[in-house]
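# Residue-level structure breakdown
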Amino acid sequence: MMKAAILEQPGKPLVISEVTIAEPGPHEVLIKTAACGLCHSDLHFIDGAYPHALPAVPGHEAAGVVEAVGSEVKTVKVGDHVVSCLSAFCGHCEFCVTGRMALCLGGDTRRQAGDGARLMGSDGQVVNQMLNLSAFAEKMLIHEHACVAIDKDMPMDRAALLGCAVTTGAGTIFNACKLVPGETVAVIGCGGVGLAAVNSAMIAGAGRIIAVDPMPEKRELAKVLGATDVIDPGADGAVKQIIAMTGGGVHHAIEAVGRQASADMAVQILRRGGTATILGMMPLDCKVGLGAMDLLSGKKLQGAIMGMNHFPVDLPRLVDFYLRGLLDLDTIIAERITLDQVNEGFDAMRAGRSARSVIVFDT
């Protein structure tokens, strides 16, 4: 038995309850959760904007220590410090073998029919595993291809951020955008993902980094993390201001909040030949497009799920960036809370004034 935060009904607070976790199967890893970040993606399911089988345990941005491994596990061992990643990969599908691991549907990384559930409620009811991780719990049981070992010098609360926000933001800069030093970048939305993109753009040598957010507090955080300019998107003429300050628009516009208006803005502020990258989980009925003149100007529009990461390679490198003082994760963490405070943490997220709340478990 272990304690977990369970989503029983959309729009209702998570319920802290006891859950039974199974023993590891051949390719599974049992992890004692050390820390887990609160991500806006979780909030989409909690508030009912995205559907999911219920009851379920949310949480996917986590770090912990391996307690047990299945008989066939080869990538991690007991005692390893690991970061989990929701883009678990099978290793042999079309996407994996062509280097696009983040697009893998990961069917082979989930338990098959007849294997039994990984999580069960105290009443014997199956508790669904959200995004194959369910990290709002004292332990996780996941496939070995959903975690990677990291340097034990890495603080666990900062390591947790690498599991989603930083992998997405940094991966977008390094993998999806393939940013060339000197190019201009605008990041729309300065939550955890956006701030990671700002910081990574600085590491990559962007010539100008424009952080766009309506909250003054988040604009100030963006400056600390490397933004050269900050813009309030609600100000009159914000689009024209960005186009003017960049001499025709930005090379890369990154939407990191998941709103129609910010996605449209990302397209509007592009220079000729520029690329808009949409990261946020937008409402399911939203559409983003390029007009005829955009296409004639060579502008491009793309998605970049989880920053198009190669997480077994990317995550240890991001850890190295942090340990060398290049990647600033300390500034992104707004507060450290307990599992019992998870609903208050999401209330703070809804208010939109701080960056990342991180649940820290007793270890």
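Anything mentioned here points back to the structure above.
Predicted model only: the values in this text are computed from it and were never measured.

Quick look at the pattern of salt bridges now. What the rule picks out here adds up to 17 salt bridges. E61 is paired through a salt bridge with R356; the nearest N and O atoms lie 2.9 Å apart. Linking E61 in strand β5 (residues 61-69) with R356 in strand β18 (residues 356-360), this pair joins segments that are 295 residues apart in sequence. There is no split in this pair, since E61 and R356 are both buried. D294 is paired through a salt bridge with K299; the nearest N and O atoms lie 3.4 Å apart. Taken individually, D294 and K299 each receive the classification buried, so the pair is uniform in this respect. Among the ionic contacts, a cluster of salt bridges with common partners joins D157, R158, D330 and R336.

It is worth spelling out unusual backbone geometry at this point. The amide bond that connects L54 to the next residue, P55, takes the cis arrangement and shows omega of 0 degrees. Looking at the element boundaries, P55 is found in the loop between α1 (40-46) and β4 (56-57). Of note in the backbone geometry, K178 takes a positive phi value of approximately 50 degrees without being a glycine. Looking at where K178 falls in the secondary structure, it is placed in the loop between α4 (165-176) and β11 (184-188). You can call K178 exposed: its relative accessible area is 58%. The backbone of M306 sits at a positive phi, close to 50 degrees, despite the residue not being glycine.

Before going further, it helps to examine the environment of G99. Looking at the element boundaries, G99 is found in the loop between α2 (94-97) and β7 (119-121). Look at G99 and you get partly exposed, because its relative accessible area is 32%. As a C-alpha pair, G99 and A53 span 46 residues in sequence and 30 Å in three-dimensional space.

Now for helix α7 (residues 238-245). Taken together, the buried positions of α7 are occupied by A238, I242 and M245. Seen along its axis, α7 keeps its buried residues to an arc of 75 degrees; they face one direction. In α7, the exposed positions angled more than 90 degrees off the buried face are occupied by K240 and A244. Taken together, the buried residues of α7 touch β12 (208-212), β13 (229-231), β14 (250-255) and α8 (260-268). Just downstream of α7 lies G247, where phi reads positive at about 65 degrees.

Parameters at a glance
- Residues numbered from 1 in each chain as written.
- Predicted model: local features only at pLDDT ≥ 70, side-chain atom pairs only at ≥ 80, totals over all residues.
- Heavy atoms only, no water.
- Salt bridge = Lys/Arg side-chain N within 4 Å of Asp/Glu carboxyl O.
- Helix = DSSP H or I, 4+ residues; strand = E, 2+ residues; numbered from the N terminus.
- Buried < 20%, exposed > 50% of the residue type's maximum accessible area, 1.4 Å probe, protein only.
- Arc of directions from axis to C-beta.
- Contact = heavy atoms within 4.5 Å.

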